[in-house]
Amino acid sequence: LHIDLWEKAVVSTQSTGDKAIKKFIIRNIVEAAALRDIGEQSVYKSYILPKIYVKLHYCVSCAIHSKVVRNRSRENRRIRTPPVRGPPGRQPQQQQKTNN
């Protein structure tokens, strides 16, 4: 069995990658307030600034401390299925069954 070791984002300890809580962040290089100023001063009107792509690995205690994940009750910890995810900022809609 081969398990990779990962350096964590908050503390510089190493643990196995299957325990790590992974978070993928896509962020603009420039913040929104400066983006408008750069767009006004730029010669190129259709230039799109590149983005930063970062994959962070947290140990369980650091993820709970930095509020990446929440702790769950003892009964809910046994539920292994991942939560339903939708677009950021919106609650996922319940799937409705229709009889056709």
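Criteria and thresholds
Residues numbered from 1 in each chain as written. Predicted model: local features only at pLDDT ≥ 70, side-chain atom pairs only at ≥ 80, totals over all residues. Heavy atoms only, no water. Helix = DSSP H or I, 4+ residues; strand = E, 2+ residues; numbered from the N terminus. Buried < 20%, exposed > 50% of the residue type's maximum accessible area, 1.4 Å probe, protein only. Contact = heavy atoms within 4.5 Å. Areas by Shrake-Rupley, 256 points an atom, 1.4 Å probe, with all protein chains shown as cover. Core = buried A, V, L, I, M, F, W, Y, C linked by side-chain atoms within 4.5 Å. Phe/Tyr/Trp six-rings, centres within 6.5 Å; stacked < 30°, edge-to-face > 60°. Salt bridge = Lys/Arg side-chain N within 4 Å of Asp/Glu carboxyl O.

Asker: An account of the overall build of the protein chain is needed here, citing residue identities and associated values.
Answerer: Regarding its fold elements, the protein chain presents 3 helices and 4 strands. Along the protein chain, helices and strands appear, N-terminal first, in the series β-β-β-α-β-α-α. The burial tally for the protein chain puts 11% of its 100 residues in the buried class. Summarising the internal contacts of the protein chain: among those between residues at least 6 apart in sequence, 57% fall at separations of at least 24. For the protein chain, the computed accessible surface area is about 9,900 Å², with 52% contributed by carbon and sulfur atoms.

Asker: Residues and numbers for the environment of tyrosine 53, please.
Answerer: As for its position among the elements, tyrosine 53 is in strand S4 (residues 51-58). Taking relative accessible area as the criterion, tyrosine 53 reaches 54% and is therefore assigned exposed. The spacing of tyrosine 53 and isoleucine 26 is 27 residues in sequence and 4.8 Å in space, taken between C-alpha atoms. When near neighbours in sequence (up to four residues on either side) are disregarded, tyrosine 53 contacts Phe24, Ile25 and Ile26.

Asker: An account of the nonpolar core is requested, with residue identities and associated values reported.
Answerer: Ile21, Tyr58, Cys59, Cys62 and Ala63 together form the largest nonpolar core, which totals 5 residues. Discounting residues that sit within four places of it in the chain, alanine 63 has contacts with Ile21, Tyr58, Val68 and Val69.

Asker: Give a detailed account of unusual backbone geometry, specifying residues and quantitative values.
Answerer: Among all residues save glycine, negative phi is the norm, and among peptide bonds the norm is trans. Phi at lysine 67 is positive, roughly 60°, even though this residue is not glycine. Residue placement: lysine 67 occurs in the loop between helix H2 (60-65) and helix H3 (74-77).

Asker: Tell me about the packing of aromatic side chains, and please be specific about residues and values.
Answerer: Under the defined criterion, the tally for this structure stands at 1 aromatic pair. Here the aromatic rings of phenylalanine 24 and tyrosine 53 are separated by 6.4 Å at their centres, their planes lie at 25°, and the arrangement is stacked. Of this pair, phenylalanine 24 sits in strand S3 (residues 21-28) while tyrosine 53 is found in strand S4, placing the two residues 29 residues apart along the sequence.

Asker: Go over the pattern of salt bridges, please, and point to the residues and values.
Answerer: All chains considered together, the criterion is met by 1 salt bridge. Between glutamate 40 and arginine 36 there is a salt bridge, with its nearest N and O atoms 3.4 Å apart. Of this pair, glutamate 40 and arginine 36 both sit in helix H1 (residues 32-41), 4 residues apart, which is roughly one turn of that helix. Glutamate 40 sits in the partly exposed class, given a relative accessible area of 49%. Its relative accessible area of 55% is what places arginine 36 among the exposed residues.

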